[in-house]
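Here is how the chains run, residue by residue.
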Amino acid sequence: MTASTTRRTTAARPRIAAVGAIAVAGALLLTGCGDQTKDSGSGAVKSNSEAPLFSKLPKKYQDSGVIKVGTDAAYAPMEFTEGGKIVGIDPDIAEALGKQFGVKFEFTSGTFDGLLTSVYTGRQDIIMSAMSDTKKRQEGLDDKGKKIGKGVDFVDYFNSGVSLLVKKGNPEKIQSLDDLCGKSVAVQRGTIYEDTFKAQATKCGDKKLTIQAFDTDAEAQTRVKSGGAVADLNDYPVAAYIAKTAGGGKDFEVAGGQTDAGPFGIGVGKENTQLRDAIKEALDAIIKDGSYAKVLEKWDVKNSAVTEATINAGK
């Protein structure tokens, strides 16, 4: 299989396209945490007050037993739909966090560009959607620097750069962008990945780098698989997922390390500082107890691990 993926633009590296042909609207997954139950009479969620960090939560969430999470579930392996549920790295990390709190993280899918607004308006409590922590998002600015909202604080939980995707076995022995000089690459048109290849082409000079741009990343992958190009470029977790799943893991592999790495953050409203600080403490707890590492190992993205939780570390 191939996956069409691309969530970054040249402006602020936001996610911009869907994975495969997945279209999701309003799907949700309740990630099970602790020994929570549902009230058979009202359908309300009961929280587990015996959980380690239950007391750290604002009373609102202690009472409701739910933290509402906005996401765009079209970005495997970070979040995507499977069997009508939202699954992936972010939901699995949220489940681990929920066990620390004794409440459920309830994911609802929407459009990526509407997620910040959903927190501003209170429709969602937090964002978990492979969102890059940037100063502009912290300050509520759009890509042109115009004020569009209050901004959010980020609890940074994941590091992601871009990685080269090559044919299985890496026949051209590609390990870095410099190894592409004199060769041909494939990429989705209009993405930051295309700009990265263009910058490398300038660096290559007379040893020409040929760039083949396609409407979708799936087409670029097909070109690499057929041998018509030596590499494609994607976010590291996406490249790792494609390598693991395409053709049963027999089509591609990730070459070299990550470049241009930066943090993904859990977005929390500026006024919701108690929840922000509680999430930071819970993230540190799951890093310490090993449950965080188990999630990243499950999805083959151990290279994106953080060693401690930080707030607003993005640039």
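Visitor: Help me out: how do you make sense of the state of the cysteines in this one?
Guide: Two cysteines form a disulfide when their sulfur atoms are joined by a covalent bond. Evaluation of the coordinates by the stated rule reveals one disulfide. The side chain of C181 participates in a disulfide bridge whose partner is C204; the two sulfur atoms lie 1.9 Å from each other. Here the S-S torsion is close to -80°, and the disulfide linking C181 with C204 is therefore left-handed. Remark: C204 occurs in helix α5 (residues 192-204) and C181 occurs in the loop between β10 (152-167) and β11 (184-188); sequence separation between them is 23 residues. C204 shares its class with C181; the two are buried.

Visitor: What is the right way to look at the packing of helix α2 (residues 89-101) against helix α9 (residues 291-298) in this model?
Guide: Each packed pair of helices is defined by two parameters, the angle between the axes and the distance between the axes. Running from amino to carboxyl end, α2 crosses α9 at an angle of 160°, the nearest separation of the two axes being 10 Å. Between α2 and α9, the angle is such that the two are roughly antiparallel. In the packing of α2 onto α9, the handedness of the crossing is right-handed. Of α9, the residues touching α2 (which contributes I89, D92, I93 and A96) are S291, Y292, V295, L296 and K298. Residue classes in the contact of α2 with α9 are distributed as six nonpolar, one polar and two charged.

Reading the values: rules and limits
- Residues numbered from 1 in each chain as written.
- Predicted model: local features only at pLDDT ≥ 70, side-chain atom pairs only at ≥ 80, totals over all residues.
- Heavy atoms only, no water.
- Disulfide = S-S within 2.5 Å.
- Helix = DSSP H or I, 4+ residues; strand = E, 2+ residues; numbered from the N terminus.
- Buried < 20%, exposed > 50% of the residue type's maximum accessible area, 1.4 Å probe, protein only.
- Axes fitted to C-alpha atoms, helices over the stretch in contact; angles between N-to-C directions.
- Parallel < 35°, antiparallel > 145°, perpendicular 65-115°, else oblique.
- Left-handed = near helix turned anticlockwise from the far one by under 90°.
- Contact = heavy atoms within 4.5 Å.
- Nonpolar A, V, L, I, M, F, W, Y, C, P; charged D, E, K, R; others polar.

In short, the description is geometric, and any link to function would need to be established separately.
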